[in-house]
Amino acid sequence: MKTVIKVENISKEYRLGEVGTGTISRDINGWWAKVRGKENPNLKINLANTGKPQASHHQALSNVSFDVNEGDVLGIIGKNGAGKSTILKILSRVTTPTEGLFKVKGRIASLLEVGTGFHPELTGRENIYLNGAILGMRKNEITSKFDEIVDFSGVEKFIDTPVKRYSSGMYVRLAFAVAAHLEPEILVVDEVLAVGDIAFQNKCMGKMSEVSKNGRTILFVSHNMQAMSHLCTRGILLQNGLVTYDGTIQESIKKYLSSSIDTTGPTYDLSETRDRKGTGILRFTKLEIYSNNELCNNFIIGEEMELRLTVKATQAMRNLSIAIHIYRFDEIKLANIENIDSDFRIDSIEGEAVYSIKFKNLNFYPESYKLGFWIASTDSQETHDHLTVCAEFNMMEGAPQVKRKLLKSGGSVYLTPDWKKIK
Amino acid sequence: MDKSNEEWTLIVKPKSNWLDLHLKDLWHYRDLVMLFVKRDFVSAYKQTILGPLWYIIQPILTAIMYSVIFGTIANIATPLPKFLFYLSSITMWNYFSESLNKTSNTFISNAQIFGKVYFPRLTVPLSIIISNLITFSIQLFVFIVVLIYYHFNKDASIAPNNHLFLLPVLILIMAGTGLGVGIIISSLTTKYRDLRFLIAFGVQLLMFATPVIYPLSSVTGLKRAVILANPLSSVIETFRYAFTGVGGCHWHYLAYSFGFMVVVLVIGILLFNKVEKSFMDTV
């Protein structure tokens, strides 16, 4: 595999507040003081010019290193202010790093905004040429793709009208069409797909995946996790200017989404829970939630969830039933699962017992869900312990097999029956 | 340097060599320069009734204005018919002042585009110089037409001479000096906005220190020395001399102007190149 981009220890620092001293006179003033060996009257401001980290500095990126191989579609994920745009700006050569360096093999084109350099007075045709040239295309390249671009944009009728008369949708479509027909070896794309109507967005996504399938290397930033998980093959998670994860896109998305979810868990000490019913002979004392054998209560559709439930008995009990209740975020009960459903018998509990309950192929819509537990004697139906809502887990976006956006309002359970046309 | 470094097409470091000019990049983007020129032309007079006629009207109106104010009211003696004299000065001077005014704004007025996409920034001032050259050509043509008119109908003593062959050099000096000074100022304005206000004032002041509204021959002594220290003076004088035979051409002054242009242009390009890499953080 050929490495086409090598980023080595890139840091980027921004000065906060006023940049420099702003006026020549004050700079000369400071310089003159230095010449005479006196203290600079603007010292406090000028300290900011030495490049050393000060309180007045913001470290947008610190020591970021990664390699991109040929054909990679790399998604860069992070919260606002994590440094995503800064890294794209550096790679696009709009600005330089404060420290570190990067190396590139091949032509790199960046798309941080659609329609950069569009001139309102010029016609669509003229703007295609201008914008294409700004993005690095030669004139004959644009000419050879001109029809394709116009076709993709769907504004044939207005191609000789000044773009200032265009609707904003037409404008954006034309702009994206030009960008989509760039053919550099490496393409850097910021959140520009979120333009136009749904139909056009799908068209853009289609174009992007087509480009990526041609073996082109793409660096992509978006907040649309579904799009990211479809397009990208690799992911990098940025947090406060640091690369905190570099690996598969699914794992990056998961780490990103779980870092932004503010929930309890994944271990719960249930022994102290007050809100409970039952005789108390048997008590749930501990719950641990595992995902892929790691403590974690954030999942995407298709993953396996394992609950490890500890039950303590003050005296030995026989013939028991345990139920697990799954609630929606608004505490509407979605499922009541008993051990007997899975042909599992609990003959007796003495002292302490730990049960592992595995849910394969979790299929809830992205949302947070709550858990409740219940234990009772099978024969007498006497409840020993009942915890209504005592734990939670989260379903997150970004499952690779999900082809559409799952809205909370659209449902709770994601089912994929077999479809067949029989008549 | 180890071997693996050789195959990289681009290496970006925080601090780069002053001489690392990426001129090859500029060549790749030559189409962009021409498209910028076209954009400036097409957009300049859209939605105007007279359109490109303004390129002709502007210098003529200015020349009339100068004839009235400086020639008639201030009564400055000119060795040529007033209108012709002022038109000759304005044609050449405008090329310089327009180039300077527009290039000196390169970074500030293009910050929006520069912040979003990389292309060699020098394409912008270059395109300005070229589009002004086209304007200049049109105005030069107007000047020649007026010159012929005066020659045949007004019997003015006009003697175009072989110094006309110097015209490309004169244009080169004006273009180079305008570009050089312009990009130096545009590089500095990323940090010192004060210069923006100074430039309009400065260009006007410079015009008075150049034999635009008066012939060089009318100035003597120390004042003459000061005016000749201005590298633009000999260009204007030579231009007028070549077309009309009035004034004079001094080779050493012209050589001085040429040398000045080269120095300013080199400093400008180096400074511009240094600033363009990180100006987004300070502009």
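Residues numbered from 1 in each chain as written. Chains lettered and ligands numbered in written order. Predicted model: local features only at pLDDT ≥ 70, side-chain atom pairs only at ≥ 80, totals over all residues. Heavy atoms only, no water.

Draft legend 1. View of the overall build of chain A. From N to C terminus, chain A includes 9 helices and 21 strands. Each of the 423 residues in chain A was classed as buried or not, and the buried ones make up 51%. By sequence separation, contacts in chain A at least 24 residues apart represent 71% of the contacts at least 6 residues apart. Of the accessible surface of chain A, which amounts to about 20,500 Å², a share of 49% is contributed by carbon and sulfur atoms. (Helix = DSSP H or I, 4+ residues; strand = E, 2+ residues; numbered from the N terminus. Buried < 20%, exposed > 50% of the residue type's maximum accessible area, 1.4 Å probe, protein only. Contact = heavy atoms within 4.5 Å. Areas by Shrake-Rupley, 256 points an atom, 1.4 Å probe, with all protein chains shown as cover.)

Draft legend 2. View of the domain arrangement of chain A. Residue and element names in this part refer to chain A. According to the domain assignment, chain A contains domain 1 (3-9 + 61-258), domain 2 (17-55) and domain 3 (267-409). Contacts between domain 1 and domain 3 engage 9 residues on the former and 15 residues on the latter. When domain 1 packs against domain 3, the two sides together hide about 930 Å² of surface, and 57% of this comes from carbon and sulfur. For the pair domain 1 and domain 3, the number of links is 1 salt bridge. Salt-bridge contacts for glutamate 303 lead to lysine 254; the nearest nitrogen and oxygen are separated by 3.0 Å. The interface formed by domain 1 and domain 3 includes 4 residue pairs in polar contact (both at pLDDT 80 or more). Broken down by secondary-structure element, the contributors of at least two residues to the side of domain 1 that touches domain 3 are α8 (225-231) and α9 (249-260). It is α9 that provides the largest number of residues to the side of domain 1 that touches domain 3, a total of 5 residues. Looking at side-chain class alone, the side of domain 1 that touches domain 3 contains 3 nonpolar, 5 polar and 1 charged residues. (Domains from an automatic or database assignment. Buried area = accessible area lost by both parts, 1.4 Å probe. Salt bridge = Lys/Arg side-chain N within 4 Å of Asp/Glu carboxyl O. Polar contact = N/O pair within 3.5 Å; in protein donor to acceptor, adjacent residues only side chain to side chain. Nonpolar A, V, L, I, M, F, W, Y, C, P; charged D, E, K, R; others polar.)

Draft legend 3. View of the sheet that holds strand β1 (residues 10-12) of chain B. Strand order in the open sheet formed by 4 strands is β2(A)-β1(A)-β4(A)-β1(B), with antiparallel pairing between adjacent strands. Two strands bound the open sheet, and with one partner strand each, they are β2 (57-69) of chain A together with β1 of chain B. Between one strand axis and the next, the sheet turns through 15 degrees on average, direction left out of account. Bridge count for strand β1 (residues 3-15) of chain A against strand β4 (residues 99-104) of chain A is 5 bridges, and the pairing is antiparallel. Within the sheet, the bridge partner assigned to serine 11 of chain A lies in β4 of chain A and is glutamate 99 of chain A. Those strands touched by helix α3 (residues 84-91) of chain A are β1, β2 and β4 of chain A, and its axis lies near 65 degrees from that of β2 of chain A. (Pairing = 2+ DSSP bridges. Axes fitted to C-alpha atoms, helices over the stretch in contact; angles between N-to-C directions.)

Draft legend 4. Seen up close, helix α8 (residues 167-189) of chain B. Over its 23 residues, α8 of chain B runs 32 Å from end to end, which matches the ideal 33 Å to within 8%, given 1.5 Å per residue. The buried count for α8 of chain B comes to 18 of 23 residues, which makes it a mostly enclosed element. (Expected span 1.5 Å × (residues − 1).)

Draft legend 5. Fine view of the confidence of the model for chain B. Residue and element names in this part refer to chain B. Of all residues in chain B, 95% attain a pLDDT of 70 or more, and the chain-wide mean is 86. Within chain B, the element-level pLDDT minimum falls on β1, averaging 81, and the maximum on α8, averaging 92. Reported confidences for the modelled complex are a pTM of 0.74 and an ipTM of 0.84. (pLDDT = per-residue confidence, 0-100.)

Draft legend 6. Up close: the environment of histidine 28 of chain B. Position of histidine 28 of chain B relative to the elements: it lies in helix α1 (residues 23-28). For the pair histidine 28 of chain B and proline 120 of chain B, spaced 92 residues apart in sequence, the C-alpha separation works out to 9.3 Å. Setting aside anything within four residues of it in sequence, one finds histidine 28 of chain B in contact with Arg107, Gly136 and Arg138 of chain A. Separated by 3.2 Å, the side chain of histidine 28 of chain B and the backbone oxygen of glycine 136 of chain A make a polar contact.

Draft legend 7. Up close: the sheet that holds strand β3 (residues 73-78) of chain A. All names here are of chain A. Pairing is mixed in the open sheet, where 6 strands are placed in the order β5-β6-β7-β3-β8-β9. In this open sheet, the two strands that pair with only one neighbour each are β5 (108-111) and β9 (242-247). The sheet shows a mean angle of 15 degrees between the axes of neighbouring strands, taken without regard to direction. With 4 bridges connecting them, β3 and strand β7 (residues 217-221) associate as parallel partners. Bridge assignment links valine 73 to a residue of β7, and that residue is isoleucine 218. Relative to the sheet, helix α7 (residues 198-213) contacts β3, β6 (186-189) and β7, its axis offset from that of β7 by approximately 145 degrees.

Draft legend 8. Expanded view of the pattern of salt bridges. Applying the stated criterion to the full structure yields 20 salt bridges over all chains. Residues joined in a network through salt bridges with shared partners are Asp72, Arg234 and Asp246 of chain A.

Draft legend 9. Up close: the packing of aromatic side chains. Residue and element names in this part refer to chain A. In total, this model carries 24 aromatic pairs over all chains according to the counting rule given. Aromatic side chains phenylalanine 284 and phenylalanine 373 sit 5.7 Å apart centroid to centroid with 50 degrees between the ring planes, which places their arrangement in the tilted category. Taken as a pair, phenylalanine 284 in strand β12 (residues 282-291) and phenylalanine 373 in strand β20 (residues 367-377) lie far apart in primary sequence, 89 residues in all. Seen in terms of ring centroids, phenylalanine 299 and phenylalanine 393 are 6.1 Å apart; in terms of plane orientation they differ by 80 degrees. Their pairing is edge-to-face. Remark: phenylalanine 393 occurs in strand β21 (residues 383-396) and phenylalanine 299 occurs in strand β14 (residues 298-300); sequence separation between them is 94 residues. (Phe/Tyr/Trp six-rings, centres within 6.5 Å; stacked < 30°, edge-to-face > 60°.)

Draft legend 10. Structural detail: the interface of chain A and chain B. Between chain A and chain B, the residue contacts involve 49 residues of the former and 43 residues of the latter. When chain A packs against chain B, close to 4,100 Å² is buried across both sides, 59% of that on carbon and sulfur atoms. For the chain A face of the interface with chain B, the top three residues by lost area are Arg93, Val94 and Arg138 of chain A, together amounting to 17%. On inspection of chain A and its partner chain B, the count reaches 2 salt bridges. The residue arginine 138 of chain A makes a salt bridge to aspartate 31 of chain B at a minimum N-O spacing of 3.0 Å. Seen at the junction of chain A and chain B, the total is 6 residue pairs in polar contact (both at pLDDT 80 or more).

Draft legend 11. Inspection of unusual backbone geometry at higher detail. Residues and elements named next belong to chain A. Even without a glycine there, the phi angle at asparagine 293 is positive, about 60 degrees. Mapping asparagine 293 onto the fold places it in the loop between β12 and β13 (294-295). On the accessibility criterion, asparagine 293 (62% relative accessible area) is exposed. Of note, aspartate 343 is a non-glycine position whose phi angle comes to about 60 degrees, a positive value. Tracing the backbone shows aspartate 343 in the loop between β17 (333-338) and β18 (346-349).

Draft legend 12. Seen up close, the environment of threonine 91 of chain B. Residues and elements named next belong to chain B. Here threonine 91 lies in helix α4 (residues 82-103). Along the primary structure threonine 91 and phenylalanine 143 are separated by 52 residues, whereas in three dimensions their C-alpha atoms are 7.4 Å apart. With sequence-adjacent residues up to four places away left out, threonine 91 is seen in contact with Phe136, Gln139, Leu140 and Phe143. Of the polar contacts made by the side chain of threonine 91, one reaches the backbone oxygen of leucine 87; its length is 2.6 Å.

Draft legend 13. Layout of the packing of helix α4 (residues 124-134) of chain A against helix α2 (residues 30-44) of chain B. Two elements in contact, α4 of chain A and α2 of chain B, have axes whose closest approach is 9 Å; the angle formed by their N-to-C orientations is 140 degrees. Classified by the angle their axes make, α4 of chain A and α2 of chain B are oblique. The hand of the α4 of chain A/α2 of chain B crossing is left-handed. On the side of α4 of chain A, the interface is formed by Glu126, Tyr129, Leu130, Ala133 and Ile134 of chain A, while α2 of chain B contributes Leu32, Leu35, Phe36, Lys38, Arg39 and Val42 of chain B. Across the contact of α4 of chain A with α2 of chain B, the residue classes break down as 8 nonpolar, no polar and 3 charged. (Parallel < 35°, antiparallel > 145°, perpendicular 65-115°, else oblique. Left-handed = near helix turned anticlockwise from the far one by under 90°.)

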